[in-house]
2 protein chains.
Amino acid sequence: MKAYKDMSREELLALKRSLEEEFETAEKKGMSLNMARGNPGVSQLALSMPMLDVINSSSDMNTLLGNDTRNYGDWDGIGECRWLLANMMNVKKDNVIVCGNSSLNIMFDTVSRSMTLGVNGSTPWSKLDQVKFLCPVPGYDRHFKILELFGIEMINIPLREDGPDMDLVERHVNHDAAVKGIWCVPKYSNPTGISYSDEVVRRFANLKPKAEDFRIFWDNAYGIHHLYEEDQDEILNILEECEKAGNPDMVYIFTSTSKISFPGSGVSAVATSFKNIEDIKKQMTTQIIGHDKINQLRHARFFQNTDGLNAHMKKHAALLRPKFEAVLHILDSELTGLEIGSWTRPKGGYFISFNAMPGCAKSIVAKCKSLGVTLTGAGATFPYGIDPEDSNIRIAPTFPTPEEMKEATTIFVLCVKLASVEKLLGE
Amino acid sequence: MKAYKDMSREELLALKRSLEEEFETAEKKGMSLNMARGNPGVSQLALSMPMLDVINSSSDMNTLLGNDTRNYGDWDGIGECRWLLANMMNVKKDNVIVCGNSSLNIMFDTVSRSMTLGVNGSTPWSKLDQVKFLCPVPGYDRHFKILELFGIEMINIPLREDGPDMDLVERHVNHDAAVKGIWCVPKYSNPTGISYSDEVVRRFANLKPKAEDFRIFWDNAYGIHHLYEEDQDEILNILEECEKAGNPDMVYIFTSTSKISFPGSGVSAVATSFKNIEDIKKQMTTQIIGHDKINQLRHARFFQNTDGLNAHMKKHAALLRPKFEAVLHILDSELTGLEIGSWTRPKGGYFISFNAMPGCAKSIVAKCKSLGVTLTGAGATFPYGIDPEDSNIRIAPTFPTPEEMKEATTIFVLCVKLASVEKLLGE
């Protein structure tokens, strides 16, 4: 394969003509495929259907402690579900609050509470002239949208193979009192799929924040979402590391079963220090009498324990691997050597991250759209929707079938090539 | 019966001795009963158990529109559940957002959103020097706690037989730009059980708020919670009345099925104008991808329509009536003519409200507690937990059995008498 950048103008023009022909052919086919969001596929949803039989009209509705899940009570979740999710997060049950169906909701509420009420008695962020968050990029668009809604200033931090650029993180956090938080997806990161190294986790735990109300928002959304049985990432326990480092209150860990049981009908949780839990309690017990405990019971009884969760995740992996591999196979065989893009090879999570030649991402996404393939909007993986390089594209291979993924990736590759040629021709 | 106030000092002292003997006897019995919170009883919870069979592993999980309830989507709720709750609220489906398990949570989030983001573009309340809410009293403690948490100033408004004192409401709302809201439980009010008259609802709709971001928080928690089949309260449709009066955006209506299906595992909703829905959407779609749609489907399929809801509520009523009547019977036969208290006779809802002689409520609640009968804390029905008269006590007859309610009310009556005698003796 000859790299596009080494081609002559004539070669590029000839290539462009041939790609345009392919494009027209594809246009006539009229596809309709969505690779935009990390939605589980239908076959994955089917895996959890037996969960819906676990609780029925003849079930014992009491928790192990004898509390009736059908009535009010247990604002922090029923014991067995707290235990299940604590084990999933490798933390102690007493550090966990099990909430409703959405960890995004917990994260939003955590930022909102900090805005209106402060953090453990600190000045409410809404009363401050400036509040800043560090945002490793590329990252999760919904994290950024929360900050944007509240008018919190976002600072891009490059995300590397082993985690965020920690020199930069330390410089900001340890020297700027306006920096109040950082978003992290520490394992099988959204969208790059990388996991934080032990050194990175330890450097996080050993931050010396200038702001006492600085918090790490540790969104462990893909903690047990491995693709392979033998080759799995593991990350250090941030809560434990923070305790060791004398920063016990510095982190909130978020998780949910949205991509384990059902998106929208799962259970979510936050794990943090007792002091932070007391702080959350003041707000949460005013906000709600309790979350859906019948659904918590359903989850606790269906999964039973960590073995049950892991066995279930193996079934997800078996369905997801072919989709990821279909994408990677086409990217490898069609783009290797052309020097018009690079891509990640995640061992878990929900996304593949593609970096096009600078200045090409928007054009690629638009071209795909016109051929009926919807991708996450270019720029969405950056604060304010602005990718300074216009390069990153998030590919979500989970929802379509493997066959559809092949078709969609073939279209994607075509659009990458065409956009790159146009760029090199200065169009 | 001779009124206590007409008794001589000797008569009161003799009465006191005999009541104290009764008290000691009761003390030895060692009861343990809770009339503090409006929890449905176990027999009520059993009514909804068949709902847990409606969705199982062989169910069609698609909505009528063909959306898969198991996956992400439908941030404002699935169509059939919006339709069901819209009918329950007598509003149009398009005015309804169906949310999670808790209407309190929607109310909290509505106040919180107003604090951080403002209302339809108004200045966020957190940026204002003063924010005030009107609080009809006695009222629902959890409403007041939300305002207290956010530091919003609460102004007591007397609640009468037909609703809040509207002269006072108009004076505040129409002349003070700091007044941003009012809590209403318009039907079978918590705790007095009264319902708003048509005139009161119309006066609400015709308010001319000084603040453009003034909103009525219309918590229709007991909209279909009648106790009697033939004698039911009905209230005017506030959303319609507000539209007619040229105040289409002035009201949020809240409801839930917490006391229809399961507390904590029901569905909740807000109904409001399209403009307000757009305002809510901006925040809510950032906060959450969607609420629990499988549970929404479960509710929609179980209740089907308004007839289904009403048939179900008749079963609740049959269980609740004997409990309310047990309390009223004992209050009537033991306290009538003594002039040491008055009480309401609600035709629906979850509470009976008792007004003791001024200065006696705390003492009564403390005495009951020492005999093992837990009541809602005295003062809880007022902002900041301060009843200026120390008079109101909320009785929640729903959770205990009718037999237990009789025992508990007998204790209550004894404590009312003893506290009143002590008061009259100047102790």
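Details of the structure are given in the entry above.
Predicted model, so just to flag it, every value in this text is computed and none were measured.

About the criteria used
Residues numbered from 1 in each chain as written. Chains lettered and ligands numbered in written order. Predicted model: local features only at pLDDT ≥ 70, side-chain atom pairs only at ≥ 80, totals over all residues. Heavy atoms only, no water. Helix = DSSP H or I, 4+ residues; strand = E, 2+ residues; numbered from the N terminus. Rg over C-alpha atoms; globule rule 2.2 N^0.38 Å. Buried < 20%, exposed > 50% of the residue type's maximum accessible area, 1.4 Å probe, protein only. Contact = heavy atoms within 4.5 Å. Areas by Shrake-Rupley, 256 points an atom, 1.4 Å probe, with all protein chains shown as cover. Lys, Arg positive; Asp, Glu negative; His and termini not counted. Charge placed at Lys NZ, Arg CZ, Asp CG, Glu CD. Core = buried A, V, L, I, M, F, W, Y, C linked by side-chain atoms within 4.5 Å. Phe/Tyr/Trp six-rings, centres within 6.5 Å; stacked < 30°, edge-to-face > 60°. Pairing = 2+ DSSP bridges. Axes fitted to C-alpha atoms, helices over the stretch in contact; angles between N-to-C directions. Least-squares fit on C-alpha atoms with pLDDT ≥ 70 in both. Disulfide = S-S within 2.5 Å. Buried area = accessible area lost by both parts, 1.4 Å probe. Salt bridge = Lys/Arg side-chain N within 4 Å of Asp/Glu carboxyl O. Polar contact = N/O pair within 3.5 Å; in protein donor to acceptor, adjacent residues only side chain to side chain. Nonpolar A, V, L, I, M, F, W, Y, C, P; charged D, E, K, R; others polar. Expected span 1.5 Å × (residues − 1). 1 Å grid on protein atoms, 1.4 Å probe; cavity = no way out; pocket = protein on both sides within 12 Å on 5 of 7 lines; lining within 4 Å. Points joined across faces, edges and corners; volume = space filled by probe spheres on them. Right-handed = clockwise from strand over helix to strand, strands pointing away.

Some points on the overall build of chain A
Working step 1: Per the secondary structure count, chain A includes 14 helices and 13 strands.
Working step 2: What you see for chain A is a C-alpha radius of gyration of 23 Å, in line with the 22 Å of a compact globule of 427 residues.
Working step 3: With respect to the three principal axes, the spread of C-alpha positions in chain A is 75 × 55 × 35 Å.
Working step 4: Taking all 427 residues of chain A together, the buried fraction comes to 63%.
Working step 5: If you take every contact in chain A between residues at least 6 apart in sequence, the share linking residues at least 24 apart comes to 76%.
Working step 6: When the accessible surface of chain A is summed, it comes to about 15900 Å², and 49% of that surface belongs to carbon and sulfur atoms.
Working step 7: The centroid of the 47 positive side-chain charges in chain A is displaced by 3 Å from the centroid of its 56 negative side-chain charges.

Regarding the nonpolar core
Working step 1: If you look at the biggest cluster of nonpolar residues, it comprises 117 residues, and the most contacted ones within it are A:Phe204, A:Trp218, B:Phe204 and B:Trp218.
Working step 2: Dropping the residues within four chain positions of it, B:Trp218 is found in contact with B:Cys184, B:Pro186, B:Tyr196, B:Val201, B:Phe204, B:Ile235, B:Ile238, B:Val251, B:Tyr252, B:Ile253 and B:Phe254.
Working step 3: Grouped together as the second largest cluster of nonpolar side chains are 54 residues, A:Leu15, A:Tyr222, A:Val365 and A:Leu371 included.

What to know about the packing of aromatic side chains
Working step 1: Within the structure shown, the criterion is met by 30 aromatic pairs over all chains.
Working step 2: Ring geometry for A:Trp125 versus A:Phe133: centroids 6.0 Å apart, planes at 65°, classification edge-to-face.
Working step 3: On the accessibility criterion, A:Trp125 (1% relative accessible area) is buried.
Working step 4: Judged by centre distance (5.0 Å) and plane angle (70°), the ring pair of B:Phe302 and B:Phe303 falls under edge-to-face.

Let's talk about the sheet that holds strand S8 (residues 251–256) of chain A
Working definition: the strands of a sheet are paired by backbone hydrogen bonds and lie parallel or antiparallel to each other.
All names here are of chain A.
Working step 1: Strands sit in the order S2-S9-S8-S7-S6-S3-S4-S5 across an open sheet of eight strands; the sheet is mixed. Strands with a single pairing partner mark the edges of an open sheet, and in this sheet they are strand S2 (96–98) and strand S5 (163–164).
Working step 2: The pairing of S8 with strand S9 (residues 268–271) spans four bridges and is classified as antiparallel. Bridging across to S9, Phe 254 finds its partner in Val 270.
Working step 3: Packing of helix H6 (residues 141–149) onto the sheet brings it into contact with strand S3 (132–137), strand S4 (153–160), strand S6 (179–184) and strand S7 (215–219), and relative to S3 it is tilted by some 160°.
Working step 4: The strands touched by helix H10 (residues 274–287) within the sheet are S2, S7 and S8, with S2 carrying the most contacts at an inclination of about 25°.

Things to note about the relation of the copies chain B and chain A
Working step 1: Of the transformation superimposing chain B on chain A, the axial component is 0.0 Å and the angular component is 180°, with the fit at an RMSD of 0.0 Å. On this basis, the relationship between the two copies can be described by a two-fold rotation axis.
Working step 2: Most of the interface of chain B is mirrored in chain A: 100% of its interface residues are interface residues there too.

Quick look at the environment of A:Lys93
Residues and elements named next belong to chain A.
Working step 1: If you trace the backbone, Lys 93 turns up in the loop between helix H4 (79–89) and S2.
Working step 2: According to the relative accessible area criterion, Lys 93 is partly exposed, its value standing at 31%.
Working step 3: Spatially, the C-alpha atom of Lys 93 lies 9.1 Å from that of Glu 80, the residues being 13 residues apart in sequence.
Working step 4: When residues no more than four places from it in sequence are discounted, the contact partners of Lys 93 are Gly 79, Arg 82, Trp 83 and Ala 86.

Describing the state of the cysteines
All names here are of chain B.
Working step 1: Tallying each qualifying case throughout the model produces zero disulfides over all chains.
Working step 2: Summary of cysteine pairing: Cys 184 is not part of a disulfide, and the nearest cysteine sulfur, belonging to Cys 135, is at 10 Å.
Working step 3: Overall, Cys 184 belongs to the buried group, its relative accessible area being 1%.

A look at the interface of chain B and chain A
Working step 1: The interface is formed by 59 residues belonging to chain B together with 59 residues belonging to chain A.
Working step 2: Roughly 4600 Å² is buried in total at the junction of chain B and chain A, and carbon and sulfur atoms are behind 55% of that figure.
Working step 3: In terms of surface lost to chain A, no three residues of chain B exceed B:Arg70, B:Tyr72 and B:Thr286, which account for 15% of the buried area on that side.
Working step 4: Inspection of the chain B/chain A interface yields zero salt bridges.
Working step 5: Taken together, the links from chain B to chain A amount to 18 residue pairs in polar contact (both at pLDDT 80 or more).
Working step 6: Among the elements of the structure, helix H2 (42–47), helix H3 (51–54), helix H5 (103–117), helix H6 (141–149), helix H10 (274–287) and helix H11 (293–303) of chain B are those that each provide at least two residues to the side of chain B that touches chain A.
Working step 7: No other element matches H5(B), which puts eight residues into the side of chain B that touches chain A.
Working step 8: Across the side of chain B that touches chain A, the residue classes break down as 24 nonpolar, 23 polar and twelve charged.

Things to note about unusual backbone geometry
Working step 1: Note that the residue after A:Val137, namely A:Pro138, is joined by a cis bond; omega there is -5°.
Working step 2: Within the fold, A:Pro138 resides in the loop between S3 and H6.
Working step 3: Note the cis peptide between B:Asn190 and B:Pro191, where omega equals 10°.
Working step 4: Look at A:Asn90: it is not a glycine, yet its phi comes out positive at around 60°.
Working step 5: In this structure, B:Tyr384 takes a positive phi of about 60° despite not being glycine.
Working step 6: Inspection of the secondary structure puts B:Tyr384 in the loop between strand S12 (373–375) and strand S13 (392–395).
Working step 7: Since its relative accessible area comes to 40%, B:Tyr384 is described here as partly exposed.

Concerning helix H5 (residues 103–117) of chain A
All names here are of chain A.
Working step 1: An ideal rise of 1.5 Å per residue puts 21 Å on 15 residues; H5 measures up with 20 Å between its terminal C-alpha atoms.
Working step 2: H5 sits mainly inside the fold: 14 of its 15 residues count as buried.
Working step 3: Between the side-chain oxygen of the N-cap and the backbone nitrogen of Leu 104 there are 3.3 Å, and the N-cap of H5 in question is Ser 102.
Working step 4: With its phi angle positive at about 80°, Gly 118 sits one or two positions after the end of H5.

What about the pairing of S6(A)?
Residues and elements named next belong to chain A.
Working step 1: In terms of residue burial, S6 counts as a mostly covered element, since six of its six residues are buried.
Working step 2: By the bridge criterion, three bridges tie S3 to S6 in an arrangement that is parallel. Across the sheet, the residue bridging to Leu 134 is Ile 182, located in S6.
Working step 3: Relative to S7, S6 is paired through four bridges, and the arrangement is parallel.

Concerning empty space enclosed by the protein
Working step 1: One pass over the full model with this rule turns up ten cavities of 30 Å³ or more.
Working step 2: Taken as a whole, the largest cavity holds about 500 Å³ of empty space.
Working step 3: Taken together, 38 residues make up the lining of the largest cavity; nearest its centre are A:Gly100, A:Asn101, A:Asn105, B:Asn101 and B:Asn105.
Working step 4: Put simply, the parts of the chain that give the lining of the largest cavity at least two residues each are H5 and H10 of chain A together with H5 and H10 of chain B.
Working step 5: With five residues, H5(A) is the single largest residue contributor to the lining of the largest cavity.
Working step 6: A breakdown of the residues in the lining of the largest cavity according to their chemical character gives twelve nonpolar, 20 polar and six charged.

Examining the environment of A:Arg113
Residue and element names in this part refer to chain A.
Working step 1: Looking at where Arg 113 falls in the secondary structure, it is placed in helix H5.
Working step 2: A relative accessible area of 5% means that Arg 113 is categorised as buried.
Working step 3: For Arg 113 and Ser 126, which are 13 residues apart along the polypeptide, the C-alpha to C-alpha distance reads 9.9 Å.
Working step 4: Here Arg 113 is in contact with Gly 118, Tyr 252, Asp 279, Ile 280 and Gln 283, once residues within four sequence places are set aside.

Examining the pairing of S4(A)
All names here are of chain A.
Working step 1: Relative to S4, S3 is paired through six bridges, and the arrangement is parallel. If you follow Cys 135 over to S4, its bridge partner there is Asn 156.
Working step 2: Between S3 and its parallel partner S4, the chain crosses via H6, and the hand of that crossover is right-handed.
Working step 3: Between S4 and the antiparallel strand that follows it, S5, lie two residues.

Structural notes on the side chain of B:Thr257
Residues and elements named next belong to chain B.
Working step 1: Mapped onto the fold, Thr 257 is located in the loop between strand S8 (251–256) and strand S9 (268–271).
Working step 2: Looking at Thr 257, the relative accessible area reads 1%, which means it is buried.
Working step 3: Among the polar contacts made by the side chain of Thr 257, one reaches the side chain of His 299 at a distance of 3.4 Å.
Working step 4: Beyond its immediate chain neighbours, meaning those up to four positions away, Thr 257 contacts Leu 85, Phe 262, Gly 266, Val 267 and His 299.

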